[in-house]
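Examination of the molecular architecture
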Amino acid sequence: MTDEPCIPYLARMNKTSIAFIGGGNMARSLIGGLIARGQPSQSLRVAEPVPALRTALAAEFGVRARETGVEAADGASLWVLAVKPQVLRSVCEALAPLAQAQRPLIVSIAAGITTAQIDRWLGGGQAVVRSMPNTPALLGAGATGLYANPQASAAQRQAAEALMQAAGLTAWIPDEALMDAVTAVSGSGPAYVFLLAEAMQAAGEAQGLAPDTARSLVLQTILGAARMLSESDEPAAALRQRVTSPGGTTQAALECFEAGGFRTLVDQAIAAATRRGRELAAGND
């Protein structure tokens, strides 16, 4: 995993025209992150079919917003496919003639859709990088897994990495089959933390805490624990053991978690999300 931007490549990225096919939240976060890192807004285009959203994108970021993917992508050297997996095939097929003529770098953020599928839908022979960001990317605190197909050059891999580092950390995945696990762990992962926060707050309220007090304590606890994990070289198990005094309150709670099959449940949840990622690919083939 890398957290330092590809500095030599960022200068070249500033001269790269980038087309976002889809103007949703993830596209907006990447656009904002790129501009904050010095990418000229004039080099960015967005395809967004909803007029009000198109107008808002142009007004907020100064980008060129177009109605169709072909209008936005024509002449851009990097295309970001930022539409829902269910419509990605039709979007790619509409772009296929242009992709064959111009051979851009394709970066997809669609969950469950393989590079082979995207390449086929675009007519074949395309450099495709599959990425899996998560929602903290909206704050520049995302975690993104990346996989490049054999057609992607070293320079194109750098371009994809520089693009996604606008939203946070990146990690290259050597085997595309593992991208469904990336989706299950980090792509869907924020929702697991939100569920834990929701459950902890409800439990605190059940023990008599006021809702606002319970919420504040839970949020700061999760934030503090995350900082300890990220700023310490010690593994999670060591940090857990350090705060677990024998016979104390923490041990009582952890024993309850373990007795309830907490680890098994997490394993089953990650496996279920991984399977669903594979099903999405099969269902859109």
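As shown above, the structure is provided for reference.
Below is a summary of the structure that appears in this document. (Residues numbered from 1 in each chain as written. Predicted model: local features only at pLDDT ≥ 70, side-chain atom pairs only at ≥ 80, totals over all residues. Heavy atoms only, no water.)

1. Digging into unusual backbone geometry
Glycine aside, residues mostly have negative phi, and peptide bonds are mostly found in the trans state. Counted only if it meets this: Counting from the N terminus, the helices are the DSSP runs of H or I reaching at least four residues and the strands are the DSSP runs of E reaching at least two.
Even without glycine at this site, Arg103 takes up a positive phi of about 50 degrees. On the secondary structure map, Arg103 appears in the loop between α5 (85-102) and β5 (105-108).

2. Let's talk about the environment of Ala259
Along the chain, Ala259 turns up in helix α12 (residues 249-259). Taking the C-alpha atoms as reference points, Ala259 and Glu176, 83 residues apart in sequence, are found 36 Å from one another.

3. Here's the deal with the sheet that holds strand β6 (residues 127-132)
Stated precisely, the cut-off is as follows: What makes two strands pair is DSSP finding at least two bridges between them. Here an axis means a line fitted to C-alpha atoms, over the contact stretch when the element is a helix, while the angle between two N-to-C directions is reported on a 0 to 180 degree scale.
In space, the eight strands of this open sheet follow the order β3-β2-β1-β4-β5-β6-β7-β8, with mixed pairing throughout. Edge positions in the sheet fall to β3 (64-66) and β8 (168-172), since each has one partner strand and no second. Neighbour-to-neighbour, the strand axes of this sheet turn through a mean angle of 20 degrees, independent of strand direction. Relative to strand β7 (residues 142-148), β6 runs antiparallel, the two sharing four bridges.

4. Digging into a nonpolar patch on the surface
Short version of the rule: To count toward a patch, a residue needs a relative accessible area over 30% and no salt bridge; like charges are then connected within 9 Å, while nonpolar side chains (Val, Leu, Ile, Met, Phe, Trp, Tyr) are connected within 5 Å. For every accessible area listed, the method is Shrake-Rupley and the probe measures 1.4 Å; residues are considered covered only by the protein chains on display. By convention in these notes, a salt bridge is any Lys or Arg side-chain nitrogen within 4 Å of a carboxyl oxygen on Asp or Glu. Per-residue accessibility, obtained with a 1.4 Å probe over protein chains only, is compared with the maximum for each type, and a residue is labelled buried under 20%, exposed over 50%, and partly exposed between these values.
A surface patch of nonpolar side chains, amounting to about 260 Å² of accessible area, comprises Phe257, Phe262 and Val266. By the element assignment, Phe257 lies in helix α12. Using a relative accessible area of 42% as the deciding quantity, one classes Phe257 as partly exposed.

5. What about the environment of Thr274?
The test is simple: Throughout, a residue-residue contact means that at least one pair of heavy atoms, one from each residue, lies within 4.5 Å.
Relative to the helices and strands, Thr274 is located in helix α13 (residues 262-283). Since its relative accessible area comes to 9%, Thr274 is described here as buried. Counting along the chain gives 65 residues from Thr274 to Leu209, while the straight-line C-alpha distance between them is 37 Å. When near neighbours in sequence (up to four residues on either side) are disregarded, Thr274 contacts Asp180, Ala181 and Ala184.

6. Focus on the packing of helix α2 (residues 25-36) against helix α3 (residues 51-61)
To keep it simple, the criterion reads: By the definition adopted for this analysis, an angle is roughly parallel if under 35 degrees, roughly antiparallel if over 145, roughly perpendicular if from 65 to 115, and oblique otherwise. The sense of a crossing depends on the near helix, which, turned anticlockwise from the far helix by less than a right angle, makes the crossing left-handed and, turned clockwise, makes it right-handed. Any residue that is not Ala, Val, Leu, Ile, Met, Phe, Trp, Tyr, Cys, Pro, Asp, Glu, Lys or Arg is counted as polar, Gly included; the first ten are nonpolar and the last four charged.
Close contact between α2 and α3 brings their axes to 11 Å; oriented N to C, the two are set at 15 degrees. Relative to α3, α2 is oriented roughly parallel. Crossing of α2 against α3: the hand is right-handed. Residues Arg28, Ile31, Gly32 and Ile35 of α2 touch α3, and the partners they reach there are Leu57, Glu60 and Phe61. Its residues assigned to classes, the contact of α2 with α3 shows four nonpolar, one polar and two charged.

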